Amino acid sequence: MLKRTIYSLAIVALIAGCSSGTKLNETPVTDRSGTVGGQQGASTVAPVTIDPTAGTAQGPIGVERIVYFDYDSYTVKPEFQSLIDGHARFLKANPQRRVSIEGHTDERGGREYNLALGQKRSEAVRRALTLLGVSDSQIEAVSFGKEKPAVTGSGEEVWAQNRRAEIRYTR
């Protein structure tokens, strides 16, 4: 538990220290309650199956591949820590595997702003993985801004699904 808290604090410190000319919500979120998803005592580490045919598999079995973000934020929320832990363990066990972290935004805002925000989201996930021991050479962080929405339409429910970073295994 102490190790997880230290990792979480290190991630928050790195994200808060990142700066650019684009004004973005940089409010770090720290979870010191020991709860996950509002459930006291819930397990914070998802089980990861290391596939013996990892050269062709799409990543760890049973671990989601999308990290969602709040509006105008690139802070990785505590509820996604087990997802990141699962991918980090898989990547460390399979050093030949590579991932592309694709940052996305909702339709609001200008093109340049959204490209910058999408990049900050993909970089935040990349930093979280490297802090857990994944080699930086295994990760590529890219941004699509608002160009590739997961869901089309308008409204908070749609926008929330488009504010994301997707982990895609490339080999």
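S.K.: Help me get a handle on the side chain of Ser143, residues and values and all.
M.R.: Structurally, Ser143 is set in strand E5 (residues 139-145). Relative accessible area serves as the criterion here: at 18%, Ser143 is assigned to the buried category. Polar side-chain contacts of Ser143 include one of 2.8 Å to the backbone oxygen of Leu115. Among the polar contacts listed, one links the side chain of Ser143 to the backbone nitrogen of Gln119, at a separation of 3.3 Å. Here Ser143 is in contact with Gly103, Asn114, Leu115, Gly118 and Gln119, once residues within four sequence places are set aside.

S.K.: Give me the sheet that holds strand E6 (residues 164-169): which residues, what numbers.
M.R.: Spatially, E3-E6-E4-E5 is the arrangement adopted by the four strands of the open sheet, whose pairing is mixed. Each edge of the sheet is formed by a strand with only one pairing partner; in this case those strands are strand E3 (66-68) and E5. Direction aside, the axes of adjacent strands within the sheet are offset by 20° on average. As paired elements, E3 and E6 share three bridges and run antiparallel to each other. Bridging from a neighbouring strand, Tyr68 pairs with Arg164 of E6. Along the sheet, helix H2 (residues 81-93) makes contact with E3, strand E4 (99-104) and E6, crossing E6 at roughly 20°.

S.K.: If you had to explain the pattern of salt bridges to someone new, which residues and values would you point to?
M.R.: Under the criterion given, the structure shown has eleven salt bridges. One salt bridge in this structure joins Arg168 and Glu102, with 2.9 Å as the shortest N-O distance. Taken together, the positions of Arg168 in strand E6 and Glu102 in strand E4 put the pair 66 residues apart, joining distant regions of the chain. For Glu102, a relative accessible area of 13% corresponds to the buried category. With a closest N to O distance of 2.8 Å, Arg163 and Glu156 form a salt bridge. We classify Arg163 as buried; its relative accessible area is 6%. Look at Glu156 and you get partly exposed, because its relative accessible area is 44%.

S.K.: Account for the packing of aromatic side chains, naming residues and giving values.
M.R.: Scanning the model with the defined rule gives two aromatic pairs in all. Seen from their ring centres, Tyr68 and Phe80 are 6.3 Å apart, and the 50° between their planes marks the pair as tilted. Note that Tyr68 is positioned in strand E3 and Phe80 in the loop between E3 and H2, a separation of twelve residues in sequence. The ring of Trp159 carries Arg108 above its face, with NZ or CZ at 3.7 Å from the centroid. Over the face of the ring belonging to Phe144 we find Lys148, whose NZ or CZ atom lies 4.2 Å from the ring centre.

S.K.: Pulling in residues and values, what's your account of H2?
M.R.: Taking 1.5 Å per residue, 13 residues should reach 18 Å; H2 reaches 18 Å between its end C-alpha atoms and fits that length. Across the 13 residues of H2, ten count as buried, placing the element largely inside the fold. Within H2, the full set of buried residues consists of Gln81, Ser82, Leu83, Ile84, Asp85, Gly86, His87, Ala88, Phe90 and Leu91.

S.K.: Go over unusual backbone geometry with me, naming the residues and quoting the values.
M.R.: The general pattern is negative phi for most residues beyond glycine and trans for most peptide bonds. Of note in the backbone geometry, Asp72 takes a positive phi value of approximately 55° without being a glycine. Examined against the element boundaries, Asp72 turns out to sit in the loop between E3 and H2.

S.K.: Describe the pairing of E4, with residues and values.
M.R.: Counting buried positions over the six residues of E4 gives six, a clear majority of the element. The pairing of E4 with E5 spans six bridges and is parallel. Among the inter-strand pairings, Glu102 is bridged to a residue of E5, identified as Val142. Considered for its hand, the β-α-β crossover made up of E4, helix H3 (residues 111-131) and E5 is right-handed. Sheet analysis places E4 next to E6, joined by six bridges and oriented antiparallel. Across the sheet, the residue bridging to Val99 is Tyr169, located in E6.

Rules used in this analysis
- Residues numbered from 1 in each chain as written.
- Predicted model: local features only at pLDDT ≥ 70, side-chain atom pairs only at ≥ 80, totals over all residues.
- Heavy atoms only, no water.
- Helix = DSSP H or I, 4+ residues; strand = E, 2+ residues; numbered from the N terminus.
- Buried < 20%, exposed > 50% of the residue type's maximum accessible area, 1.4 Å probe, protein only.
- Polar contact = N/O pair within 3.5 Å; in protein donor to acceptor, adjacent residues only side chain to side chain.
- Contact = heavy atoms within 4.5 Å.
- Pairing = 2+ DSSP bridges.
- Axes fitted to C-alpha atoms, helices over the stretch in contact; angles between N-to-C directions.
- Salt bridge = Lys/Arg side-chain N within 4 Å of Asp/Glu carboxyl O.
- Phe/Tyr/Trp six-rings, centres within 6.5 Å; stacked < 30°, edge-to-face > 60°.
- Lys NZ or Arg CZ within 6 Å of the ring centre and 35° of its normal.
- Expected span 1.5 Å × (residues − 1).
- Right-handed = clockwise from strand over helix to strand, strands pointing away.

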